[in-house]
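The residues making up each chain are set out below.
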Amino acid sequence: MKKAVMYGAGNIGRGFITQLFYESGYATSFIDVNMTVIDKLNEDHEYPVYITKNGVYEEHPVKNVCGIDGKDVAAIAAAIADADIMATAVGVNILKFIHANVAEGVKLRRARGIETPLNIIICENMIGADAYFAGLVKGDLDDADKAYFDSHIALVEPSIGRMVPATPKEIAEKNPLAVCVEEYCELPVDKAAFKGEIPEIKNMIPFTPFDFYIQRKLFMHNMSHAVTAYFGKLKGYTYIWEASKDAEIKYLSLRALLESSRALSAEHGVELGSLLDFSANLISRYENKLLGDTIDRVGKDTKRKLSANDRLVGSAKLCLKHGIKPANICAGMAAALFFAPADDAAAVEVSTYCAENGVAAALEKYAELPADSEITAMVAADYDMLKNGTSLIDLLCGINA
């Protein structure tokens, strides 16, 4: 049986990538430091994925799996050396902790004289994650191993569109490995990045040029999801599905998606109608009550989500590049500056800094925007209105006049 390695046994690893690996005939070794998960994987060698469809859960077993302790460097290297394909889904901030282990796997492949290329799908929410991680791994290699890496290892960017929120408590109590996911299950990947023969993975869509898919995911899906969360928080909702059914929030999110759609259409020459269809589909997917996705989870870490090239600032800058006013995206940024759940240290830091120093200083610090930028001016105006108690409907009327 073909062998896969999944670095990260979280929701994306279990609820998306490994399901596709299994359904494509692979046995998958998970690498993670969560020993509760690793031990359970080694005990059961399978776990359930619950797909929410037509208001009910459909159980789909994922089999032929095992776990590897994320601190066992020798076992990790051996698994990578044996792998036919690999993926990571650990979170951008964790890549700096795993590159040395991946480098050991590369060294072992070369030492064994393995000539078959290894394609690694980098499932991290960051534009350029492939180049970033390549730099980290190659920093642990000597010249000969670097040459082998360049000729035999491919880091492939995907566009992760499937929503895999935290598993509902009642399901997790039955099986801590269980994952609940939406039905949407496409995996676009950068066709040009592969080395050797492109492996046949169910629902994987190799495409080139791939920048469009990366930006569509970040500047449409991630952006509108975040906007829904931040305004949902302001209106006191707990779940994304509640916020997405609110007419004012839905209108604002759709308007933000229209801005981004127009910018992406201009940037990549893609038909606007297809992007508008994608926008409508996104909003309907957010309304999936069975996913149980929370406002706090989706909005978490505004320090990252307001960074210079991420979902909000990046989409606003792309709009301005093509002469499109990102009024609704900027309103979402203003709402993000109020987002401060007590258990979200990064969000509390941003919100507190903004309250004490002002919007211009906060965006200069966290978004690398100059104080006199057009984006900063729009966000500051919206922030002041929200701070002074302006209703969402009045804000909407003002920015879309």
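Residues numbered from 1 in each chain as written. Predicted model: local features only at pLDDT ≥ 70, side-chain atom pairs only at ≥ 80, totals over all residues. Heavy atoms only, no water.

### Describing empty space enclosed by the protein
Selection rule: Whether a set of points on the 1 Å grid over the protein atoms alone is a cavity depends on a 1.4 Å probe fitting there but being unable to get out, while an open set qualifies as a pocket with protein on both sides within 12 Å along at least five of seven lines; lining residues are those with an atom within 4 Å of a point. Grid points are joined across faces, edges and corners, and a volume is the space filled by probe spheres set on the points. Secondary structure elements follow DSSP: runs of H or I no shorter than four residues count as helices, runs of E no shorter than two count as strands, and numbering proceeds from the N terminus.
Here the structure, examined in full by the defined rule, presents two cavities of 30 Å³ or more. Considering only enclosed or pocket space, the largest cavity measures out at about 70 Å³ in volume. Taken together, Ser159, Gly161, Tyr184, Glu186, Pro188, Arg216, Lys217, His221, Phe278 and Arg285 form the lining of the largest cavity. For the lining of the largest cavity, the secondary-structure elements that each account for two or more residues are helix H8 (211–234) and helix H11 (272–286).

### Points about the environment of Glu182
We count it as follows: Contact definition: two residues touch when any of their heavy atoms are within 4.5 Å. In the analysis that follows, any N or O atom pair within 3.5 Å is treated as a polar contact, provided that within protein one partner can donate a hydrogen and the other can accept it, and provided that, for residues neighboring in sequence, both atoms belong to side chains.
Mapped onto the elements of the fold, Glu182 is located in strand S9 (residues 179–182). Considering only alpha carbons, one finds Glu182 and Leu291, 109 residues apart in sequence, at a separation of 6.9 Å. What Glu182 contacts, discounting residues up to four positions off in sequence, is Ile51, Thr52, Gly161, Arg162, Met163, Arg285, Asn288 and Leu291. Side-chain polar atoms of Glu182 contact the backbone nitrogen of Met163, separated by 2.9 Å.

### Topic: the sheet that holds strand S4 (residues 56–63)
Here is the rule: Strand pairing is assigned whenever DSSP identifies at least 2 bridges connecting the two strands. Axis lines are fitted to C-alpha atoms, over the contacting stretch for helices. Their N-to-C directions set the angle, which ranges from 0 to 180 degrees.
Reading across the sheet, the three strands line up as S4-S3-S9 and stay open at both edges, with mixed pairing between neighbours. A single partner strand is all that each edge strand has here, and the edge strands are S4 and S9. Going across the sheet, the axis of each strand differs from the next one's by a mean of 30 degrees, ignoring polarity. Taken together, the eight bridges between strand S3 (residues 46–53) and S4 define a ladder with antiparallel strand orientation.

### A word on the environment of Ile122
Cut-off, in case you're wondering: Note on classification: 1.4 Å probe, protein chains only; a residue is buried when its accessible area is under 20% of the maximum for its type, exposed when over 50%, partly exposed between these limits.
Tracing the sequence through the fold places Ile122 in strand S7 (residues 118–122). Overall, Ile122 belongs to the buried group, its relative accessible area being 1%. C-alpha of Ile122 to C-alpha of Leu95: the two residues are 27 residues apart in sequence and 9.9 Å apart in space. The contact partners of Ile122, leaving out residues within four places of it in the chain, are Thr88, Ala129, Phe133, Leu155, Val156 and Pro158.

### Digging into the packing of aromatic side chains
Where we set the bar: Classification of ring pairs uses Phe, Tyr and Trp, with its six-membered ring standing for Trp, and accepts pairs whose centres are within 6.5 Å; under 30 degrees between planes counts as stacked, over 60 as edge-to-face, and the remaining range as tilted.
Evaluation of the coordinates by the stated rule reveals nine aromatic pairs. For the pair Phe21 and Tyr26, a centre-to-centre distance of 5.8 Å together with 45 degrees between the ring planes defines the contact as tilted. Residue Phe21 shares its accessibility class with Tyr26, and that shared class is buried. An aromatic cluster of at least three residues, connected via ring pairs, comprises Phe207, Phe210, Phe212 and Tyr213.

### Considering the layout of surface pockets
In this structure, the largest pocket occupies an estimated 1,400 Å³ of space. What lines the largest pocket is a set of 50 residues, among which Ile12, Gly91, Asn125, Arg297 and Arg304 lie closest to the centre. Looking at the lining of the largest pocket, the elements that each hand over two or more residues are helix H1 (11–23), strand S2 (26–32), helix H4 (95–111), H8, helix H12 (295–299) and helix H13 (302–305). The dominant element in the lining of the largest pocket, judged by the number of residues it contributes, is H8, at seven residues.

### Section: unusual backbone geometry
The step from Thr208 to Pro209 runs through a cis peptide bond, and the omega angle for that step is -5 degrees. Within the secondary structure layout, Pro209 lies in the loop between strand S11 (204–207) and H8. Positive phi values are uncommon outside glycine, yet Asn203 reaches one of about 70 degrees. Residue position: Asn203 is located in the loop between strand S10 (187–190) and S11. You will see that Glu368, though not glycine, has its phi angle at about 60 degrees, which is positive. Among the secondary structure elements, Glu368 is positioned in the loop between helix H17 (359–366) and helix H18 (374–387).

### Describing the sheet that holds S2
Strand order in the open sheet formed by six strands is S5-S2-S1-S6-S7-S8, and the pairing between neighbours is parallel. Sheet topology places strand S5 (65–69) and strand S8 (153–156) at the edges, where each strand pairs with a single neighbour. This sheet shows a mean twist of 20 degrees between the axes of neighbouring strands, independent of strand direction. Taken together, the five bridges between S2 and S5 define a ladder with parallel strand orientation. The partner of Ser29 across the bridge, within S5, is Cys66. The sheet contacts of helix H2 (residues 35–44) involve S2 and S5, and relative to S5 the element is tilted by about 140 degrees. Lying on the sheet, H4 is in contact with strand S1 (2–7), strand S6 (85–88), S7 and S8; it crosses S1 at an angle near 155 degrees.

### As for helix H3 (residues 73–82)
Taken residue by residue, H3 has Ile76, Ala77, Ala79, Ile80 and Ala81 as its buried positions. Close packing links the buried residues of H3 with S1, S2, S5, S6, H4 and S7.

### Digging into the side chain of Thr28
By the secondary structure assignment, Thr28 is in strand S2. Judged by relative accessible area, Thr28 falls into the buried class, the value being 2%. Those residues in contact with Thr28 that lie beyond four places of it in its chain are Ala4, Met6, Thr18, Phe21, Asn64, Val65 and Cys66.

### Thoughts on the pattern of salt bridges
Quick note on the threshold: The salt bridge definition used is simple: a Lys or Arg side-chain nitrogen within 4 Å of an Asp or Glu carboxyl oxygen.
Per the stated rule, a full pass over the model turns up 19 salt bridges. Taking the shortest distance from any N to any O, the salt bridge between Lys40 and Asp44 comes out at 3.1 Å. One end of the pair is Lys40 and the other is Asp44, both in helix H2 and four residues apart, which spans about a single turn. Since its relative accessible area comes to 21%, Lys40 is described here as partly exposed. According to the relative accessible area criterion, Asp44 is partly exposed, its value standing at 26%. One salt bridge connects Glu182 with Arg285, and the closest N-O pair in it is separated by 2.5 Å.

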